[in-house]
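# A look at the structure
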Amino acid sequence: MSKETTSAEGSTFNPTWHLPDGIENHIEKGIINTAIGTAVGGIAGLILFRSGGGWRAFSMASGAGIAMGNTFERARASYKTG
């Protein structure tokens, strides 16, 4: 798939690379998963670690990290060839 872009001067630029088709679905799902993971981690931290001490932030970061890792693994599996 070749995508050409024409500038104001009329010259044509043909990029040598492009993002894989369907990557926007993985990006959108990753953003949603990260938001959900962070919220769930924050709630779990609020319930389980009432003393604070950085454990709530740790829970939120863990939720976000798990969500991003999950999204990365799914995207990698869907674009795996061979």
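Notes on the structure in this doc start here. (Residues numbered from 1 in each chain as written. Predicted model: local features only at pLDDT ≥ 70, side-chain atom pairs only at ≥ 80, totals over all residues. Heavy atoms only, no water.)

A surface patch of nonpolar side chains, amounting to about 430 Å² of accessible area, comprises Ile 43, Leu 46, Ile 47 and Leu 48. Along the chain, the position of Ile 43 falls in helix H1 (residues 23–48). (Patch = residues over 30% accessible without salt bridge, like charges linked within 9 Å, V, L, I, M, F, W, Y side chains within 5 Å. Areas by Shrake-Rupley, 256 points an atom, 1.4 Å probe, with all protein chains shown as cover. Salt bridge = Lys/Arg side-chain N within 4 Å of Asp/Glu carboxyl O. Helix = DSSP H or I, 4+ residues; strand = E, 2+ residues; numbered from the N terminus.)

To continue, consider the pattern of salt bridges. All told, the structure shown has 1 salt bridge when counted by the stated rule. Among the salt bridges present, the one from Glu 73 reaches Arg 76, with a minimum N-O distance of 3.2 Å. With a gap of 3 residues between them, Glu 73 and Arg 76 both fall in helix H2 (residues 55–78), about one helical turn apart. Classification of Arg 76 by relative accessible area gives partly exposed; the value is 49%. (Buried < 20%, exposed > 50% of the residue type's maximum accessible area, 1.4 Å probe, protein only.)

A few words on H1. Taking 1.5 Å per residue, 26 residues should reach 38 Å; H1 reaches 36 Å between its end C-alpha atoms and fits that length. Among all positions in H1, only Ile 23, His 26, Gly 30, Asn 33, Thr 34, Gly 37, Gly 41, Gly 42 and Gly 45 are buried. In this fold, the buried residues of H1 make contact with H2. (Expected span 1.5 Å × (residues − 1). Contact = heavy atoms within 4.5 Å.)

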